Amino acid sequence: VEAIHPGYGFLSEDPRFARACGEAGITFIGPTPENMEALGDKIRSKELARRAGVPVVPNSLPCKQVDAAVEEFVATWGFPLLVKAAAGGGGRGMRLVGGLEELAPALESAGREARAAFGDCRVFLERYVPRPRHVEFQVLADGLGNTVHLLERDCSIQRRYQKIIEETPSPALTPELRRRMGEAAVAVARSAGY
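Fair warning: this is a prediction, and the values are worked out from it, not measured in the lab. The numbers attached to residues start from 1 for each chain and follow its sequence in the written order. The predicted nature of this model means local features are confined to residues of pLDDT at least 70 and side-chain atom pairs, given and counted, to a pLDDT of 80 or more, with totals for whole chains, interfaces and linings taken over all residues. Side-chain numbers come from the whole structure's heavy atoms, not from hydrogens or water.

## Here's the deal with the overall build of the protein
At step 1: Think of it this way: any DSSP run of H or I at least four residues long counts as a helix, any run of E at least two long counts as a strand, and we number them from the N terminus. Helix and strand counts for the protein come out as 6 helices and 8 strands.
At step 2: Against the globule reference of 16 Å for 194 residues, the protein gives a C-alpha radius of gyration of 18 Å, in line with a compact fold.
At step 3: For the protein, the C-alpha atoms occupy an extent of roughly 55 × 40 × 30 Å along the three principal directions.
At step 4: For every residue, the accessible area obtained with a 1.4 Å probe (protein chains only) is divided by the maximum for its type, and the residue is called buried under 20%, exposed over 50%, and partly exposed between those limits. Taken across its 194 residues, the protein has 36% of its residues classed as buried.
At step 5: A contact between two residues is defined here by any heavy atoms of the two lying within 4.5 Å. In the protein, 50% of the contacts between residues at least 6 apart in sequence involve partners at least 24 apart.
At step 6: Split by element, the accessible area of the protein, about 11900 Å² in all, is 56% carbon and sulfur.
At step 7: Charge convention: Lys and Arg are scored as positive, Asp and Glu as negative, and His as well as the terminal groups of each chain are ignored. Here the site of a charge means atom NZ of a Lys, CZ of an Arg, CG of an Asp or CD of a Glu. Across the protein, the mean location of the 25 positive side-chain charges is 3 Å away from that of the 25 negative side-chain charges. With the radius of gyration taken over C-alpha atoms, the globule rule is written as 2.2 Å times the number of residues to the power 0.38. Computed by Shrake-Rupley with a 1.4 Å probe, the accessible areas treat only the displayed protein chains as cover when residues are assessed.

In structure tokens, the structure reads:
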């Protein structure tokens, strides 16, 4: 074969697989391993978004315990907060924290769960957004520098952080918000060299 399109699922998101294709002289149709590593890491992807001028929910750097940096984040943003795994998703390594007494145990247990689920114990704090909408934009880029989005899907109907229904177009977006979010998705992809 000359090329592999991995479709959906684990192989399409695995930088080791994309790297192995390249080493075998096979074109991997999808993002580069470096893109996957940058955008698959919640902390790195938020930094890429900031550099692209895209607003993000405030977050801390990786943390393992309540230290001066964590206390400063808490003083700035208050509670409630989410402790989130830097790698992976699906609600694994995520804890809602309502007060300072809950923070140290949440950091420890989320880190353990993240290591078990993703092989990466890094967690960080993020300002909690009550009643959020989970809206994703599909981005497509070619090897010539062209990047577009293919509109959105609303994944807000979830159970235990697992998507149940994906709906498009999103009933929550106005045409103006759709335009702005699409532009932001393209800006992040370009910022990552996608």
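## Digging into a nonpolar patch on the surface
At step 1: A residue counts toward a patch only above 30% relative accessible area and without a salt bridge, and it is joined to like-charged neighbours within 9 Å or, for Val, Leu, Ile, Met, Phe, Trp and Tyr, to nonpolar neighbours within 5 Å. We define a salt bridge as a side-chain nitrogen of Lys or Arg found within 4 Å of a carboxyl oxygen belonging to Asp or Glu. Together, Leu 140, Val 148 and Leu 150 make up an exposed nonpolar region whose accessible area comes to about 270 Å².
At step 2: Inspection of the secondary structure assignment puts Val 148 in strand E7 (residues 147-159).
At step 3: The exposure class of Val 148 is partly exposed, given its relative accessible area of 41%.

## As for helix H6 (residues 175-191)
At step 1: Helix span, expected: 1.5 Å multiplied by one less than the number of residues in the helix. For H6, spanning 17 residues, the distance from its first C-alpha to its last is 24 Å, which sits close to the expected 24 Å at 1.5 Å a residue.
At step 2: All of the buried residues in H6 are Arg 178, Gly 182, Ala 184, Ala 185, Val 186, Val 188 and Ala 189.
At step 3: Check the buried side of H6 and you find it contacts helix H2 (33-40), helix H3 (42-51), strand E6 (135-141) and E7.
At step 4: Positioned one or two residues after H6, Gly 193 has a phi angle of 75 degrees, which is positive.

## So, the packing of aromatic side chains
At step 1: Geometry of aromatic contacts follows a simple scheme: Phe, Tyr and Trp rings, the Trp one being its six-membered ring, pair when their centres are within 6.5 Å, and the pair is stacked under 30 degrees between planes, edge-to-face over 60, tilted otherwise. For the structure shown, the criterion picks out 1 aromatic pair.
At step 2: Relative to Phe 28, the ring of Phe 17 lies with its centre 6.0 Å away and its plane at 80 degrees, an arrangement referred to as edge-to-face. Taken as a pair, Phe 17 in helix H1 (residues 15-23) and Phe 28 in strand E2 (residues 27-28) lie far apart in primary sequence, 11 residues in all.
At step 3: By relative accessible area, which is 22% here, Phe 17 ends up partly exposed.

## A word on the sheet that holds E6
Strand pairing in a sheet takes place through backbone hydrogen bonds and is either antiparallel or parallel in direction.
At step 1: Any two strands are treated as partners once DSSP identifies two or more bridges connecting them. Reading across the sheet, the 3 strands line up as E6-E7-E8 and stay open at both edges, with antiparallel pairing between neighbours. Because the sheet does not close on itself, it has two edges, and the strands there are E6 and strand E8 (162-167). Across the sheet, the axes of successive neighbouring strands diverge by a mean angle of 40 degrees, strand direction being ignored.
At step 2: Bridge count between E7 and E8: 4 bridges; the pairing is antiparallel. Across the sheet, residue Arg 159 finds its bridge partner in E8, namely Gln 162. Where helices are involved, their axes are fitted lines through C-alpha atoms of the stretch in contact, as for all axes, and angles between N-to-C directions lie from 0 to 180°.

## A word on the pattern of salt bridges
At step 1: Scanning all chains against the criterion turns up 19 salt bridges.
At step 2: Residues Arg 112 and Glu 108 are paired through a salt bridge, measuring 3.0 Å at the closest nitrogen-oxygen approach. You can see Arg 112 and its partner Glu 108 sitting in helix H5 (residues 100-118), 4 residues apart, about one turn around the helix.
At step 3: One salt bridge connects Asp 120 with Arg 122, and the closest N-O pair in it is separated by 2.9 Å.
At step 4: Judged by its relative accessible area of 18%, Asp 120 is buried.
At step 5: Taken together, the salt bridges that share partners define one network made up of Glu 136, Arg 153, Lys 163 and Glu 166.

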